[in-house]
Amino acid sequence: MILAFSPVALDGESYTDVVALAHRSPGWVDGAVTAWSAYGLALFAVLMTIGWWRSRRSGAGAAMTALAVPLVVLAAFGVDTALKALVRESRPCRSLRVSTLEACPAPGDWSFPSNHAAIAAAAAVALCFVSRRLGAVAALAAGAMAVSRVWIGVHYPHDVLAGVVLGGLVAFVAMTVLRRLPSGLALRLSATRLRPLLVS
């Protein structure tokens, strides 16, 4: 494990407080949070699709930006996964004696940073370049995703915070670079077989 700090000492107490709160909460709350944690990333795919569909009416450049969002999210996931393999932080549910809402991931399924939080944050930031309204919805959903991962017991708070920062930063840099590409590129692509993807 390549760590310069003790995860438990950093925010283990906050983690156990959240897990204890989850156990004191009504069953329907825990059920909703668990379902969101497991399936909530699908919402970001829906938002990306909506953003692309609407952007086609605004021109090839806008559509190309929207089509880049899932690629940017994949890039954020890749960076996050590489960092996980480097840091190799054990899950808190393996380091601490706690009962969690979700079964603890197998050994070797590392905790830092959170993939779910990174994906959600990357999608939210990238979608802001497509539509402020969709980006705002995605940002709220990303916050809920980050909290849910601690609530069900599979991440420390610092895992999800790092995932949010990493995913958001990768997306911001990538989308900023994309915006600086020559405007004629989108027009050239719209003259190819990609036209249905870029123009309504």
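For the structure, check the block above.
Caption draft 1: Local environment of the packing of helix α2 (residues 27–39) against helix α7 (residues 132–151). Put simply, α2 and α7 touch, their axes get as near as 9 Å, and they point 110 degrees apart. One finds that α2 runs roughly perpendicular with respect to α7. For the crossing formed where α2 meets α7, the hand is left-handed. Together, Val29, Asp30, Val33, Trp36 and Ser37 of α2 and Ala141, Ala144, Met145, Ser148, Arg149 and Trp151 of α7 make up the contact between the two elements. Across the contact of α2 with α7, the residue classes break down as seven nonpolar, two polar and two charged.

Caption draft 2: Quick peek at α2. Helix length check: α2, at 13 residues, gives a terminal C-alpha distance of 18 Å against a target of 18 Å (1.5 Å per residue), a fit within 8%. Taken as a whole, α2 has its buried residues at Val29, Asp30, Val33 and Ser37. One side of α2 holds all its buried residues, which, seen down the axis, span an arc of 95 degrees. Of the residues in α2, the exposed ones pointing more than 90 degrees away from the buried face are Gly27, Trp28 and Tyr39.

Caption draft 3: Structural detail: the state of the cysteines. Taken as a whole, this structure holds one disulfide when the rule is applied. Between the sulfur of Cys93 and that of Cys104 lies a disulfide, 2.1 Å long from S to S. The sign of the 75 degrees torsion about the S-S bond sets the Cys93-Cys104 disulfide as right-handed. A residue pair is termed long-range when its members are at least 10 positions apart, and Cys93 in helix α5 (residues 92–95) and Cys104 in the loop between α5 and α6 (115–128) qualify at eleven residues. Using a relative accessible area of 12% as the deciding quantity, one classes Cys93 as buried.

Rules used in this analysis
Residues numbered from 1 in each chain as written. Predicted model: local features only at pLDDT ≥ 70, side-chain atom pairs only at ≥ 80, totals over all residues. Heavy atoms only, no water. Axes fitted to C-alpha atoms, helices over the stretch in contact; angles between N-to-C directions. Helix = DSSP H or I, 4+ residues; strand = E, 2+ residues; numbered from the N terminus. Parallel < 35°, antiparallel > 145°, perpendicular 65-115°, else oblique. Left-handed = near helix turned anticlockwise from the far one by under 90°. Contact = heavy atoms within 4.5 Å. Nonpolar A, V, L, I, M, F, W, Y, C, P; charged D, E, K, R; others polar. Expected span 1.5 Å × (residues − 1). Buried < 20%, exposed > 50% of the residue type's maximum accessible area, 1.4 Å probe, protein only. Arc of directions from axis to C-beta. Disulfide = S-S within 2.5 Å.

What is shown is where atoms sit, not what they do.
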